[in-house]
Amino acid sequence: MTTIEGNLQGLSERIARACAQAGREADEVSLLAVSKTFGPDAVRQAHAAGQRAFGENYVQEGVEKILMLRGSTEPIEWHCIGPVQSNKTRLVAEHFDWVQSVDRLKIAERLNEQRPEGLPPLQVCLQVNVDGGLTKSGVAPNALPALASAVSALPRLRLRGLMCIPEPADGFEAQRVLFLQARALFDRLRAEGYALDTLSMGMSDDLEAAVAAGSTMVRVGRAVFGSRPVRVTSSA
Ligand SMILES: *Cc1c(COP(=O)(O)O)cnc(C)c1O
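Let me sum up the structure you'll find in this document. All of these numbers come straight from a predicted model, not from anything done at the bench. One numbering rule holds for all chains: residues counted from 1, following each sequence as written. Per-residue local features of the predicted model are confined to residues with pLDDT of at least 70, and side-chain atom pairs are confined, for both listing and counting, to 80 or more; whole-chain, interface and lining totals are unaffected and use all residues. Processing note: side-chain calculations cover all non-hydrogen atoms of the structure and skip hydrogens and water entirely.

Side note on the site of the ligand
So, step 1. Taken together, Val34, Lys36, Asn57, Ile81, Ile165, Met203, Ser204, Arg219, Val220, Gly221, Arg222 and Arg228 make up the full set of residues adjacent to the ligand.
So, step 2. Separating an oxygen atom of the ligand from a side-chain N or O atom of Asn57 is a distance of 2.7 Å.
So, step 3. In the analysis that follows, any N or O atom pair within 3.5 Å is treated as a polar contact, provided that within protein one partner can donate a hydrogen and the other can accept it, and provided that, for residues neighboring in sequence, both atoms belong to side chains. Arg228 places a polar side-chain atom, nitrogen or oxygen, 2.7 Å from an oxygen atom of the ligand.
So, step 4. All accessible areas in this document rest on Shrake-Rupley with a 1.4 Å probe, and a residue is counted as covered only by the protein chains that are shown. Contact with the protein chains removes 93% of the 380 Å² of surface that the ligand exposes when unbound.
So, step 5. When each cavity is represented as a set of grid points, the ligand is found to reside in the largest pocket.
So, step 6. When residue character is reported, Ala, Val, Leu, Ile, Met, Phe, Trp, Tyr, Cys and Pro are called nonpolar, Asp, Glu, Lys and Arg charged, and the others, Gly included, polar. Partitioning the shell around the ligand into residue classes produces five nonpolar, three polar and four charged. If a single non-hydrogen atom of a residue is within 4 Å of a molecule or strand, that residue counts as near it. Residues are said to line a cavity or pocket when one of their atoms sits within 4 Å of a point; the points come from a 1 Å grid over protein atoms alone, cavities being sets where a 1.4 Å probe fits but cannot get out and pockets being open sets with protein on both sides within 12 Å along at least five of seven lines. Those molecules having more than half of their atoms within 2 Å of a cavity or pocket grid point set are described as sitting in that cavity or pocket.

As structure tokens, this is what we get:
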């Protein structure tokens, strides 16, 4: 068994335990393997172990990997989870299946215009800034309803849910409280009639708290692939 295969197995047990503790079924939470900074071989190994959904933060790096891995027998589902600048929307629209980090209408409109006709609609989560945290990405909760309404009207995008990356909090309960804010926003949109099924939250260090708060997708990098090298450039 490769290290990655063992990590994936350990992780699926960890997710199952978190679900059991939250009184949820293990299949309510899917795993997005975050492969940023890791090469195509790491993705291949995870794919061989049965993992199908992968997340990338840096558009250019993600597209390079997508092109290298094209033609796998089983298709890979690629999620863009990092900030998307205007000059990168075309690459995202043409190569990714999902983008979870939409926080401005202008970006959504460009993705909608640039999504190729031959592809299914781009699956979208709105990134919400639940804690007004230092990471400035994410729509403010009070601006979320208007953004959701505008994005859901774009025909080449399909609004699937919300994504959040709260600031690290101290301990399970403090983390859970932050994730519950995203959950409340998600529930409110659903109550207003949006057919949302994805609440993307929880990473290597806080996935238990996210699952307890209702996450349907955890995005895990280090606990799958190992620790990342320090990134020296900041190009997206
Ligand atoms: C890097 C990253 C992750 C994974 O973080 P780990 O701590 O490695 O599990 C998840 N989501 C986003 C948006 C990330 O940038």
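Still more to cover.
Structural notes on empty space enclosed by the protein
If a probe as big as a water molecule is rolled over the atoms, it shows which places are left empty.
So, step 1. Grid points are joined across faces, edges and corners, and a volume is the space filled by probe spheres set on the points. Counted according to the given criterion, the structure contains two cavities of 30 Å³ or more.
So, step 2. Here the largest cavity defines a volume of roughly 40 Å³.
So, step 3. Looking at the lining of the largest cavity, its residues break down into five nonpolar, five polar and one charged.
So, step 4. Size it by volume and the second largest cavity reaches roughly 30 Å³.

A word on the layout of surface pockets
So, step 1. Size it by volume and the largest pocket reaches roughly 610 Å³.
So, step 2. Reported here for the second largest pocket is a volume of approximately 280 Å³.

Thoughts on the side chain of Ser101
So, step 1. Within the secondary structure, Ser101 is located in strand β4 (residues 98–102).
So, step 2. A polar side-chain atom of Ser101 sits 2.6 Å from the main-chain carbonyl oxygen of Gly82. Working definition: helices are DSSP H or I runs of at least four residues, strands are E runs of at least two. Numbering for both runs from the N terminus.

A closer look at the pairing of strand β3 (residues 77–80)
So, step 1. The pairing criterion is simple: DSSP has to find at least two bridges between the two strands. Sheet analysis places strand β2 (residues 53–56) next to β3, joined by four bridges and oriented parallel. For Gly55, the partnering residue across the bridge sits in β3 and is His79.
So, step 2. Summarising the sheet, β3 and β4 pair through two bridges and their orientation is parallel. From the neighbouring strand, Cys80 faces β4, where its bridge partner is Val99.
So, step 3. In the classification by handedness, the crossover that spans β3, the intervening helix α4 (residues 89–95) and the parallel β4 is right-handed. Crossover handedness is defined here as right-handed if the route from the first strand over the helix to the second strand goes clockwise, with the strands pointing away from the viewer.

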